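# Architecture and fold: a report
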Amino acid sequence: MRLIPAIDIIDGKCVRLTKGDYSTTKIYNENPLEVAKQFEAHGIKHLHMVDLDGAKAKSIVNYKVLELVASKTSLKIDFGGGIKSDEDIKVAFNSGAQQITAGSIAVKNKAQVLKWLSTYGSDKIILGADCRDKKIATQGWTETSSLDVIDFIKDYELAGIKSVICTDISKDGMLEGASEILYKEIMEQTTINLIASGGVANMDDLYSLKALGCEGAIIGKAIYEGRITMKQLEELC
C-alpha cells in the first residue's frame, strides 16, 4: 500500500481543516516545501496536494506552490482543487503534477473528464469521490449532491477510470479512524484502485487499510499532530 502524505494549501501555506470546514483552518507550516522535503527525507515517494483556494475559486490558484515542490523534490505529486478547464489541467501538469484529481468537475461535467481521460490516459487522472452520508460532495465540500458514491465510482470505472480517492467527509480531520465499512463495500462492488482518505489517526489504521486491500492511504492531520511520526512512516516505507 502506498503511503501518501497530504499537503493542503491556503494562501500558499500548509493547513488542515476539520470535515472540510474552512472556518476550522489551522496553519501547520508557512512553507509547504519544507514539509515536502521532510517527507522526502524519510523515504516518502508520493504526495497528495490540494489547492483549497482553488477548490473555492473553481480554478487553480496555488500552482506556484506545486511548481516549487515539484521542482525542488522528487516526490510524485497528485494535485487537486480547482481543476475545471483544459487550461487548469495544463497548468497542473506544466507545474509538475504527475497526476490530477478530478473531483467537482467529474460531477458537473463528465464529458470534460472523459476528454481528459482520452487525452492524458487513465494513469494521469484520478477520480475524486468525496462523500457525506454516501452522497457525493463538491466545490470544496460546500455542496452535497444526490449521487450515491458507489454508483458514481462504478459509472466512472466503466468509463475507464482506474484509481479513485474516496474521502468520507464525516471522518476527515477527526482522527477517529478511516471509513473502513464504506471502503470494503466499494472494493466488493468494483475493481478500482482505492486510495483511502480521511480519519487515519495512527499506525493501526494504516495496517487495517492495508489488510482491507486499499491501494493507497492519504495521511494528513495524524502526521501534523504527531500521532504518526516521520520515523514510523519511514519504517513502514
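This report concerns the structure included in the present document. It should be emphasised that the depicted structure is a prediction, and the values quoted were computed from it without experimental measurement.

### A few points about the overall build of the protein chain
- The number of helices and strands found in the protein chain is 11 helices and 12 strands.
- Taken over 237 residues, the protein chain has a buried fraction of 53%.
- If you sum the accessible surface of the protein chain, you get close to 10,200 Å²; carbon and sulfur atoms cover 46% of it.
- In the protein chain, which carries 29 positive and 33 negative side-chain charges, the distance between the mean positions of the two groups comes to 2 Å.

### Overview of the environment of Ala57
- Mapping Ala57 onto the fold places it in helix H2 (residues 52–57).
- Separated by 126 residues in sequence, Ala57 and Tyr183 place their C-alpha atoms 30 Å apart.

### Structural notes on the state of the cysteines
- Taken as a whole and assessed by the stated rule, the structure comprises 0 disulfides.
- Unpaired in this structure, Cys131 has its nearest cysteine sulfur neighbour in Cys166, at a distance of 4.4 Å.
- Residue class for Cys131 comes out buried when judged on its relative accessible area of 1%.
- The thiol sulfur of Cys237 is not disulfide-bonded, and the nearest other cysteine sulfur, from Cys214, lies at 16 Å.

### Regarding the packing of aromatic side chains
- For the structure shown, the criterion picks out 3 aromatic pairs.
- Residue placement shows Lys110 over the ring face of Tyr156; its charged tip is 5.7 Å from the ring centre.

### A few points about the pairing of strand S2 (residues 13–18)
- Note that strand S1 (residues 2–10) and S2 share 3 bridges and pair antiparallel. Looking at S2, one finds that Asp8 is bridged to Val15.
- As defined by bridge partners, S2 adjoins strand S3 (residues 21–29) across 4 bridges and the pair is classed as antiparallel. The residue of S3 that forms the bridge with Arg16 is Lys26.

### Remarks on the pattern of salt bridges
- A complete count under the given rule lists 10 salt bridges for this structure.
- Note that Lys64 is salt-bridged to Glu67, the shortest N-O span being 3.6 Å. Taken together, the residues Lys64 and Glu67, both in helix H3 (residues 63–72) and 3 residues apart, mark about one turn of the helix.
- Judged by relative accessible area, Lys64 falls into the exposed class, the value being 52%.
- Overall, the relative accessible area of 33% leaves Glu67 in the partly exposed class.

Parameters at a glance
Residues numbered from 1 in each chain as written. Predicted model: local features only at pLDDT ≥ 70, side-chain atom pairs only at ≥ 80, totals over all residues. Heavy atoms only, no water. Helix = DSSP H or I, 4+ residues; strand = E, 2+ residues; numbered from the N terminus. Buried < 20%, exposed > 50% of the residue type's maximum accessible area, 1.4 Å probe, protein only. Areas by Shrake-Rupley, 256 points an atom, 1.4 Å probe, with all protein chains shown as cover. Lys, Arg positive; Asp, Glu negative; His and termini not counted. Charge placed at Lys NZ, Arg CZ, Asp CG, Glu CD. Disulfide = S-S within 2.5 Å. Phe/Tyr/Trp six-rings, centres within 6.5 Å; stacked < 30°, edge-to-face > 60°. Lys NZ or Arg CZ within 6 Å of the ring centre and 35° of its normal. Pairing = 2+ DSSP bridges. Salt bridge = Lys/Arg side-chain N within 4 Å of Asp/Glu carboxyl O.

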